[in-house]
Amino acid sequence: MTDKAKDNTASNSMWGGRFAAGPDAIMEAINASIGYDQRLYPQDIRGSRAHAAMLAAQGIISSSDAETIREGLLTVLSEIEAGDFPFKTALEDIHMNVEARLKEIIGEPAGRLHTARSRNDQVATDFRLWVRDQCDAAIKGLETLIGALLTQAEAGADWVMPGFTHLQTAQPVTWGHHMMAYVEMFARDLGRFRDARKRMNESPLGAAALAGTGFDIDRHATAEALGFDRPMANSLDAVSDRDFALEFLSAGSICAVHMSRLAEELVIWSSAQFRFVAMSDKWSTGSSIMPQKRNPDAAELIRAKIGRMLGATVALFTVMKGLPLAYSKDMQEDKEQVFDAADNLMLALAAMSGMIADLSVNRAQLEAAASNGFSTATDLADWLVREAGLPFRDAHHVTGTLVAMAEARGCDLPDLDLADMQSVNAAITEDIYTVLGVHNSVASRMSYGGTAPAQVRAQIKRWQEALS
């Protein structure tokens, strides 16, 4: 064996059996993207059909060739959808796989399809179309989730529950008010996806490799055919831009944070210590050893999705950072994390919508918890300011003294005698009891955006009308 052969054998053994064929196999493996970008096939074929039709309209290829290409692409599409398409790693990506199969089907006219375009603008177009579709799916999923939250809010607009800060009982709120807080969050997510979709709705097709083309193409025609508002105005930017994917991932990550927060509350609320809610068997699992357990697995898994979403976002930001214009092969690493993030976002939205729609709420337990922990202490302090004329800091001190007194006696504030209260501050009258009940407390919070049932119902109506 020659020294060179020995070197090759040693090198191959480092990589194991998979790359036993040597460096060529390694290069093929690292260079190919067909293993994941094959899911772009509908967008790739749609873009090619629009391009061929435009070429024929401009007299760059014949109408008969364009029709042959169109029919051939439809055949390729049907083969892929039927699972009969032979994807080949040697052909690198979805674009070359489709074009090679098209040539096998229709022959010479297939070679005319790539006139006046490059894989650079082709992949930018395909990917942009795909992400746009995912924005549409996210928008639909969020509308469903918001609808489920509105239904919960409407049912419990006047159900009293504890509001928390630091996970400690703070002030009483209503179930409807709590649900509407998430409506507001997810509505902002809805706005982010709509904004991102609007911004990404420009066509890269026709930018070619980076400088445009000398052929007399009509980029406005292909943009219109593909549902874009306009062609992108700079060919360098068109092939090198991935802002649209970054915006999608960013909006998805924020949305996943919101779902994670809601999922965390569902986990806490469904525990034996809280018993605020019960999740149906559809969204719970049992324990392999403890027969009494009902585990909120769906909520826990949704809670974890932000890890994958944010990881994908950071990954793509890192890939794009510092890339010179225009296209670099680094940008082949732009898809896998976006595909994974989109899949997990849609799954989480569907699961969260289902959980909220099926959620059973323990109204009695909510109200009992709201009445504990001196949740109306702020109402007492506000009464002292409003009715007794005390400065708020003095009222805060008086209220703290009364809380300590109630705590020492093992009772809540409404259970203290009037004489006991007057021993702390003589200005207190029997009228104080009108603000110490939790229902009185929430009903008094009539400021815009407050927890009063009337305010909650007004916000529910506003969002119902906005979504309809």
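Remember, predicted model here, so these are calculated numbers, not experimental data.

**So, a nonpolar patch on the surface**
Item 1. Residues Leu210, Leu236 and Leu325 make up a contiguous nonpolar surface patch of roughly 270 Å² in combined accessible area.
Item 2. You can see Leu236 is positioned in helix H10 (residues 235-240).

**Regarding the packing of aromatic side chains**
Item 1. As enumerated under the stated definition, the model contains 10 aromatic pairs in all.
Item 2. Ring centres of Phe127 and Phe339 lie 6.3 Å apart, and the angle between their planes is 85°; this geometry places the pair in the edge-to-face category. Separated by 212 residues along the polypeptide, Phe127 in helix H7 (residues 119-155) and Phe339 in helix H13 (residues 336-358) bring together distant segments of the chain.
Item 3. Judged by relative accessible area, which is 0%, Phe127 ranks as buried.
Item 4. Taking the relative accessible area as the measure of exposure, Phe339 reaches 4% and is therefore buried.
Item 5. Taken together, a centroid distance of 5.2 Å and an interplanar angle of 80° make the contact between Phe274 and Phe276 edge-to-face.
Item 6. Since its relative accessible area comes to 21%, Phe274 is described here as partly exposed.
Item 7. Judged by its relative accessible area of 2%, Phe276 falls in the buried class.

**A closer look at the side chain of Asp37**
Item 1. With respect to the helices and strands, Asp37 occurs in helix H3 (residues 34-37).
Item 2. Only 2.5 Å separates the side chain of Asp37 from the side chain of Ser33, close enough to count as a polar contact.
Item 3. Discounting chain neighbours no more than four positions away, the residues touching Asp37 are Asp93, Ile94, Lys335 and Phe339.

**Overview of the pairing of strand S2 (residues 168-174)**
Item 1. Bridging between strand S1 (residues 160-165) and S2 involves five bridges; their strand directions are antiparallel. Following the sheet pairing, Pro162 is matched in S2 by Pro172.
Item 2. Counting the residues in the hairpin turn of S1 and S2 gives two residues, including His166, whose phi is positive at 60°.

Thresholds applied
- Residues numbered from 1 in each chain as written.
- Predicted model: local features only at pLDDT ≥ 70, side-chain atom pairs only at ≥ 80, totals over all residues.
- Heavy atoms only, no water.
- Patch = residues over 30% accessible without salt bridge, like charges linked within 9 Å, V, L, I, M, F, W, Y side chains within 5 Å.
- Areas by Shrake-Rupley, 256 points an atom, 1.4 Å probe, with all protein chains shown as cover.
- Salt bridge = Lys/Arg side-chain N within 4 Å of Asp/Glu carboxyl O.
- Helix = DSSP H or I, 4+ residues; strand = E, 2+ residues; numbered from the N terminus.
- Phe/Tyr/Trp six-rings, centres within 6.5 Å; stacked < 30°, edge-to-face > 60°.
- Buried < 20%, exposed > 50% of the residue type's maximum accessible area, 1.4 Å probe, protein only.
- Polar contact = N/O pair within 3.5 Å; in protein donor to acceptor, adjacent residues only side chain to side chain.
- Contact = heavy atoms within 4.5 Å.
- Pairing = 2+ DSSP bridges.

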